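Chain residues, written in single-letter form:
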Amino acid sequence: MKHKLIILFSSLSLFACQELQDVVAQLPQGTVTPTEIAAGLRQALDFGIDKQVSKLALEDGFYKNSLVKILLPEELRKVDRTLRDIGLGSLADEGLKLLNRAAEDAVKEATPIFVDAVKGITFQDAKAILLGADNAATLYLEQRTTSPLYQKFHPVISNSFRKVGADKIWTDLITRYNALPLTKDVNPDLTDYVTNEALDGVFTMIAVEEKEIRNKVSSRTTDLLRRVFQLQD
């Protein structure tokens, strides 16, 4: 689905660029400049990072957020069910919580990568983004930050597992499960899994803020945001 969105975003870019140029050309002189359009989109993303992503870095930022809470990977759901059946439900709950704790820790460490990417938005980028879908700016950011964010998140999450004790908890859980009769051994790469889930959660929350700014005038809390997003209205 993610790849389809990227292809769609690219295919619509030329159309959106021309459409935005036509809109800007019809505005009274001095209403908004190309530089301000790019600055407005950067500001919208900065607000998403500051208001939404920063929440993910707090304790329970992932764990108690239904939009982004990290659940168990498919191959571990049978482990969870089996452990609960034999009276180890509290241990399973703790293991799930610690996966989310590692993601919360990673977001705290990696946010500067988003800030650097946002600074790079130009008017050429803005022309395709402003008249795009409700998550067009988020998708732009996702295309340009997923790889460096993964490289940053992965070791942070690995270290977080050790720091919060998730590695010990999950080693214990999986060892106990694999020792049960008539079960097939599992050995999932939890660091890779949580890294990707954390990335998805971050982009989900940035998209939430972008949609708010695009669709609710009351969420455009600066003069720049109000003037720039009037173009899409």
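Residues numbered from 1 in each chain as written. Predicted model: local features only at pLDDT ≥ 70, side-chain atom pairs only at ≥ 80, totals over all residues. Heavy atoms only, no water.

1. As for the overall build of the protein chain
- Assigned secondary structure in the protein chain consists of 9 helices and 0 strands.
- Here the protein chain holds 233 residues, and 46% of them are scored as buried.
- Counting contacts in the protein chain only where the partners sit at least 6 residues apart, residues at least 24 apart contribute 85% of the total.
- Carbon and sulfur atoms form 54% of the exposed surface of the protein chain, whose accessible area is close to 12,000 Å². (Helix = DSSP H or I, 4+ residues; strand = E, 2+ residues; numbered from the N terminus. Buried < 20%, exposed > 50% of the residue type's maximum accessible area, 1.4 Å probe, protein only. Contact = heavy atoms within 4.5 Å. Areas by Shrake-Rupley, 256 points an atom, 1.4 Å probe, with all protein chains shown as cover.)

2. Points about unusual backbone geometry
- Despite not being glycine, Asp60 shows a phi value in the positive range, around 75 degrees.
- Within the fold, Asp60 resides in the loop between α2 (34–56) and α3 (74–85).
- Taking the relative accessible area as the measure of exposure, Asp60 reaches 17% and is therefore buried.

3. With respect to the confidence of the model for the protein chain
- A residue-level look at the protein chain finds 84% of positions with pLDDT of 70 or above and a mean pLDDT of 80.
- Counted against residues more than four places away or in other chains, residues 1–17, with its pLDDT under 50, gives 19 contacts. (pLDDT = per-residue confidence, 0-100.)

4. Regarding the packing of helix α4 (residues 89–119) against helix α7 (residues 166–179)
- At a minimum axis separation of 9 Å, α4 and α7 run at an interaxial angle of 135 degrees. By the angle between their directions, the pair α4 and α7 is classed as oblique. In this structure, α4 crosses over α7, and the sense of that crossing is left-handed. On α7, the residues that touch Leu91, Ala92, Glu94, Gly95, Leu96, Leu98 and Leu99 of α4 are Ala166, Ile169, Trp170, Asp172, Leu173 and Arg176.
- Considering only residue class, the contact of α4 with α7 consists of 9 nonpolar, 1 polar and 3 charged. (Axes fitted to C-alpha atoms, helices over the stretch in contact; angles between N-to-C directions. Parallel < 35°, antiparallel > 145°, perpendicular 65-115°, else oblique. Left-handed = near helix turned anticlockwise from the far one by under 90°. Nonpolar A, V, L, I, M, F, W, Y, C, P; charged D, E, K, R; others polar.)

5. Observations regarding the pattern of salt bridges
- One pass over the full model with this rule turns up 10 salt bridges.
- Taking the shortest distance from any N to any O, the salt bridge between Lys64 and Asp60 comes out at 3.6 Å.
- Judged by relative accessible area, which is 65%, Lys64 ranks as exposed.
- With its nearest N and O atoms 2.5 Å apart, the salt bridge here joins Arg84 to Asp93. (Salt bridge = Lys/Arg side-chain N within 4 Å of Asp/Glu carboxyl O.)

6. A look at the nonpolar core
- Ranked by internal contacts, the top residues of the largest apolar core, which has 65 residues, are Phe153 and Trp170.
- If you list the elements that add at least two residues to this core, you get α2, α3, α4, α5 (123–130), α6 (136–164), α7, α8 (190–215) and α9 (223–229).
- In terms of residues, this core owes the most to one element, α4, which gives 12 residues.
- Those residues within four positions of Trp170 in sequence are excluded, and the remaining contacts are Leu72, Leu76, Gly95, Leu96, Leu99 and Leu190. (Core = buried A, V, L, I, M, F, W, Y, C linked by side-chain atoms within 4.5 Å.)

7. Overview of α7
- Its 14 residues give α7 an end-to-end C-alpha distance of 20 Å, which sits within 8% of 20 Å, the value for a rise of 1.5 Å per residue.
- Those residues of α7 that sit buried are Ala166, Ile169, Trp170, Leu173, Ile174 and Tyr177. End-on, the buried residues of α7 take up no more than an arc of 115 degrees, which puts them together on one face. Relative to its buried face, α7 has exposed residues pointing more than 90 degrees away, namely Lys168 and Ala179. (Expected span 1.5 Å × (residues − 1). Arc of directions from axis to C-beta.)

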